[in-house]
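# Examining the three-dimensional arrangement
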Number of protein chains: 2
Amino acid sequence: MSVNLSAPVAADLLAINGVRIGVTEAGVRKANRKDLTVFLLDAGTAVAGVFTQNRFCAAPVQVCREHLSAGTAIRAMVVNTGNANAGTGAAGLANARATCDALAKELDLQPGQILPFSTGVIMEELPVDRIVAGMPQAIAAAKADNWATAAEGIMTTDTLPKAFSRSLSLGGKTVSITGISKGAGMIRPNMATMLGFLATDAAIAPELLQPLVKELADGSFNRVTIDGDTSTNDSFVLIATGKAGNAQIGSLTSSEGQQLKAALLEVAQKLAQAIVRDGEGATKFITVKVEGGKNEEECRLAAYSIAHSPLVKTAFFASDPNLGRILAAVGYAGIADLDQTKIDLYLDDVHVVVDGGRNPSYREEDGQRVMKQQEITVRVALGRGDAAQTVWTCDLSHEYVTINADYRS
Amino acid sequence: MSVNLSAPVAADLLAINGVRIGVTEAGVRKANRKDLTVFLLDAGTAVAGVFTQNRFCAAPVQVCREHLSAGTAIRAMVVNTGNANAGTGAAGLANARATCDALAKELDLQPGQILPFSTGVIMEELPVDRIVAGMPQAIAAAKADNWATAAEGIMTTDTLPKAFSRSLSLGGKTVSITGISKGAGMIRPNMATMLGFLATDAAIAPELLQPLVKELADGSFNRVTIDGDTSTNDSFVLIATGKAGNAQIGSLTSSEGQQLKAALLEVAQKLAQAIVRDGEGATKFITVKVEGGKNEEECRLAAYSIAHSPLVKTAFFASDPNLGRILAAVGYAGIADLDQTKIDLYLDDVHVVVDGGRNPSYREEDGQRVMKQQEITVRVALGRGDAAQTVWTCDLSHEYVTINADYRS
């Protein structure tokens with residue numbers, strides 16, 4: 001079940017000069033499953049990442065942070081599914097390091113030049129031996145036009161692979177962008193780990209990459225929610241190989257910096273939205289816009305309050321224009337001095353609430369018409385200022401409970 | 001469906017000298033349904049209340065706050081079900097006031113001596129005429145031993161009425177306590193409004209009542225959660241008639257003040273827990289204890305993070321000892337400097353996680369044994385200090401989705 005999402009067509013995905021990807025079946029957890037993906041990055045590639053805020057973060061997340069902050073050039077990444085290497089204590093950390101050691105040895109690199117990623121079941125020991133045994137085959141399979149396979153290789157119980165590309169012209173040179181993501185899947189239960197990898201061949205000053213990946217995440221992956229549960233393993237990585245031949249971008253506020261950022265954000269948003277469209281049990285894709293706030297933070301609070309409310313989400317599942325639930329969620333969002341008499345609410349084009357009360361001209365059948373759609377925009381006007389924020393979410397269905405209440409055996 | 005909860009036996013409920021209650025069928029929304037309850041309070045009764053923090057609070061909540069803060073002696077309360085008078089704007093406020101005006105006229109009181117409460121469907125106009133028309137009959141029916149009927153009279157789609165009593169001896173005098181509550185019900189959907197009314201005949205200095213009701217709420221109703229949605233109408237009221245003949249309690253920290261507080265808290269906790277036991281779709285009653293925190297606030301954050309997690313709640317529904325979900329919820333609770341290597345986790349007596357990793361002696365079948373119980377205690381030790389907090393919740397079942405996804409017609 002997914003909402004207006006289809007598998008990528010391999011031929012539509014742009015190779016990124018300087019990035020080769022190999023995928024293999026290492027048997028991490030199950031046989032006959034693409035579960036080990038290796039990214040090989042040419043010398044001169046800049047890499048930056050943002051990671052889960054969960055304090056119970058997984059071992060590979062800790063190692064990624066270490067390796068990125070050490071400042072050594074990152075030259076490869078290794079992603080396994082089937083096991084998240086989370087809740088595994090000191091042994092888990094040693095296993096994540098062992099994975100980097102082994103891949104470094106294969107590639108004649110330093111372990112600090114490798115970033116490891118894991119997703120899958122948690123609180124179980126990472127089968128390092130099987131991962132290491134699979135590496136030569138993954139490396140041998142590495143090629144530039146392999147993004148579609150990589151999108152499959154990082155899936156857990158996602159129902160569809162997720163990959164998008166676009167290109168743009170920067171100073172007469174064509175720059176390519178391709179990204180893949182995986183999301184709201186469970187593997188022998190546990191949690192929905194979000195992984196996103198976004199690569200471009202654009203030349204950009206390396207010191208801009210970290211602020212850029214943070215800004216991209218805030219505009220994409222940090223604006224989606226399935227069920228409000230923040231995973232232990234969430235990771236989003238931005239790769240810039242610098243091979244496109246454009247004049248190196250030295251500022252994100254320059255014209256070319258803004259063009260590149262907008263193009264990267266477009267792909268990042270598609271990747272993030274694809275996770276929601278393929279959310280567990282999702283039958284609807286919902287855009288929640290909160291505007292008229294004093295600042296973006298309070299708009300974000302109100303938008304997430306709506307997007308996380310089980311009552312709101314079940315109402316969407318039922319196509320029930322149960323608008324009081326949305327108002328109530330705004331009310332408990334934590335905006336201390338909110339004045340309910342200033343609030344307006346819209347469902348797509350239907351003006352439902354005026355000044356905190358039912359719009360006299362609102363008719364239930366108009367709300368119902370919108371609620372029956374697969375794509376719905378909820379817009380709340382707070383009447384306090386000019387700030388606005390948007391988040392994307394899905395509904396809460398029986399299928400969500402079925403998926404998550406399924407015993408792991 | 002409810003978890004270890006049964007209807008109160010009318011004869012077990014203690015009358016509170018100074019409180020008379022009348023219930024009638026006013027036809028607020030549906031015919032043949034007890035939907036209007038009037039509390040008549042003798043002169044000299046002290047009343048205090050705490051109300052929803054939702055900024056989209058209902059009109060009756062606004063009027064209650066006004067009347068209590070004005071300091072006039074409260075002499076009556078009126079509760080209707082079938083309509084929450086929330087999201088109703090200025091007209092709703094006028095309707096709540098009109099209800100007070102009418103009851104004041106019937107009882108020869110001032111409108112400011114009345115507290116109004118409403119629960120039911122929101123964003124629909126309160127049928128004041130029907131409520132006013134029912135008042136004489138409710139007043140005529142008023143009597144002291146009517147708590148069981150009142151517990152029914154405030155129900156919406158609660159499956160069982162909720163009422164508890166106890167008595168204690170204070171300085172040789174017998175003091176009685178009786179309370180009723182309603183909770184996690186939907187009425188032609190909308191939201192789960194929590195109402196709680198707790199009365200005692202103990203003599204207590206009126207100025208102690210407001211801090212006392214706050215403290216009782218924090219130890220009871222503010223520790224439960226069904227789905228994290230805070231209603232627009234939540235109200236908890238404490239009534240002390242002073243008729244028991246005990247020497248007036250002048251301090252909550254005196255021996256007698258502490259005895260009374262403990263007895264009141266016991267009843268308030270039973271009322272609050274009854275709401276969880278009768279939570280929508282609940283099949284399990286879960287106590288979440290977080291201990292070893294630096295302060296109570298961080299323990300509360302972690303406990304609510306567990307209790308609100310849809311992934312944790314569906315795992316309880318499935319009787320799946322899916323412990324990573326609990327650890328992840330602790331990890332994203334917002335404790336910025338949390339050290340995962342200090343965390344231990346217990347399911348009842350089963351020691352599951354040691355120092356942030358799986359306990360080597362933990363066996364899945366032990367976790368499974370506990371998870372199959374109807375009553376489960378999750379205990380998390382943070383290893384940071386001496387503070388502790390407890391919250392109560394229920395699981396997330398298919399029935400929850402069914403109840404809340406049921407279209408309102």
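Since the structure is predicted, the reported quantities are computational estimates derived from the model, not experimental observations. (Residues numbered from 1 in each chain as written. Chains lettered and ligands numbered in written order. Predicted model: local features only at pLDDT ≥ 70, side-chain atom pairs only at ≥ 80, totals over all residues. Heavy atoms only, no water.)

## Re the relation of the copies chain B and chain A
- Of the two same-sequence chains, chain B is brought onto chain A (RMSD 0.0 Å, axial shift 0.0 Å) by a rotation of 180 degrees. Interpreted geometrically, this transformation is the action of a two-fold axis. For chain B, the residue whose C-alpha comes nearest the rotation axis is H398 of chain B, separated from it by 3.0 Å. (Least-squares fit on C-alpha atoms with pLDDT ≥ 70 in both.)

## A look at the domain arrangement of chain A
Residue and element names in this part refer to chain A.
- Considered domain by domain, chain A is made up of domain 1 (10-277) and domain 2 (285-404).
- Computed over C-alpha atoms, the centres of domain 1 and domain 2 are 33 Å apart.
- Tallying the contact residues gives 14 residues for domain 1 and 15 residues for domain 2.
- Of the roughly 1300 Å² buried at the junction of domain 1 and domain 2 (both faces included), carbon and sulfur atoms supply 55%.
- Inspection of the domain 1/domain 2 interface yields 1 salt bridge.
- Here R277 ties to E375 by a salt bridge, and the two come within 2.4 Å at their closest N and O atoms.
- Summed over the shared surface of domain 1 and domain 2, the number is 3 residue pairs in polar contact (both at pLDDT 80 or more).
- Of all the secondary structure elements, the ones that give two or more residues to the side of domain 1 that touches domain 2 are β9 (224-225) and α6 (255-277).
- Broken down by element, the side of domain 1 that touches domain 2 gets its largest block of residues, 4 residues, from α6.
- Its residues placed into classes, the side of domain 1 that touches domain 2 shows 4 nonpolar, 7 polar and 3 charged. (Domains from an automatic or database assignment. Contact = heavy atoms within 4.5 Å. Buried area = accessible area lost by both parts, 1.4 Å probe. Salt bridge = Lys/Arg side-chain N within 4 Å of Asp/Glu carboxyl O. Polar contact = N/O pair within 3.5 Å; in protein donor to acceptor, adjacent residues only side chain to side chain. Helix = DSSP H or I, 4+ residues; strand = E, 2+ residues; numbered from the N terminus. Nonpolar A, V, L, I, M, F, W, Y, C, P; charged D, E, K, R; others polar.)

## What to know about the interface of chain B and chain A
- Taken together, the contact between chain B and chain A spans 61 residues of the former and 61 residues of the latter.
- Overall, the association of chain B and chain A removes approximately 5000 Å² of surface from exposure, summing both partners, and the carbon and sulfur fraction of that is 57%.
- The largest contributions to the chain B side of the interface with chain A come from R55, F56 and M123 of chain B, which together make up 16% of the buried area.
- At the boundary of chain B and chain A, one finds 0 salt bridges.
- Inspection of the chain B/chain A interface yields 14 residue pairs in polar contact (both at pLDDT 80 or more).
- Of all the secondary structure elements, the ones that give two or more residues to the side of chain B that touches chain A are α8 (310-317), α9 (323-331), β14 (357-358), α10 (364-371) and α11 (398-404) of chain B.
- The dominant element in the side of chain B that touches chain A, judged by the number of residues it contributes, is α9 of chain B, at 6 residues.

## Section: the sheet that holds strand β6 (residues 162-170) of chain B
Residue and element names in this part refer to chain B.
- Taken in spatial order, the 5 strands line up as β3-β10-β8-β7-β6 in an open sheet, and their pairing is mixed. Every other strand in the sheet has two partners, leaving β3 (46-51) and β6 as the edge strands with one partner each. For this sheet the average axis-to-axis angle between neighbouring strands, irrespective of direction, equals 15 degrees.
- Pairing analysis gives 9 bridges linking β6 to strand β7 (residues 173-182), with the strands arranged antiparallel. Counterpart to S165 in the pairing with β7 is T178.
- Against the sheet, helix α5 (residues 209-218) contacts β3, β8 (195-200) and β10 (235-240), and its axis sits at roughly 40 degrees relative to β3.
- Docked against the sheet, helix α6 (residues 255-277) engages β6, β7, β8 and β10, running at close to 170 degrees with respect to β6. (Pairing = 2+ DSSP bridges. Axes fitted to C-alpha atoms, helices over the stretch in contact; angles between N-to-C directions.)

## Things to note about helix α7 (residues 296-308) of chain A
Residue and element names in this part refer to chain A.
- The end-to-end C-alpha distance of α7, which contains 13 residues, comes to 18 Å, matching closely the 18 Å that a straight helix rising 1.5 Å per residue would cover.
- The complete set of buried residues in α7 reads E298, C299, A302, A303, Y304, S305, I306 and A307.
- One side-chain oxygen of the residue at the start of α7 lies 3.2 Å from the amide nitrogen of E297, identifying that residue as N295. (Expected span 1.5 Å × (residues − 1). Buried < 20%, exposed > 50% of the residue type's maximum accessible area, 1.4 Å probe, protein only.)

## Quick notes on the side chain of S305 of chain A
All names here are of chain A.
- Its place among the elements puts S305 in helix α7.
- Residue classification places S305 among the buried residues on the basis of a relative accessible area of 10%.
- Apart from residues no more than four positions distant in its own chain, S305 is found in contact with A329, Y332 and A333.

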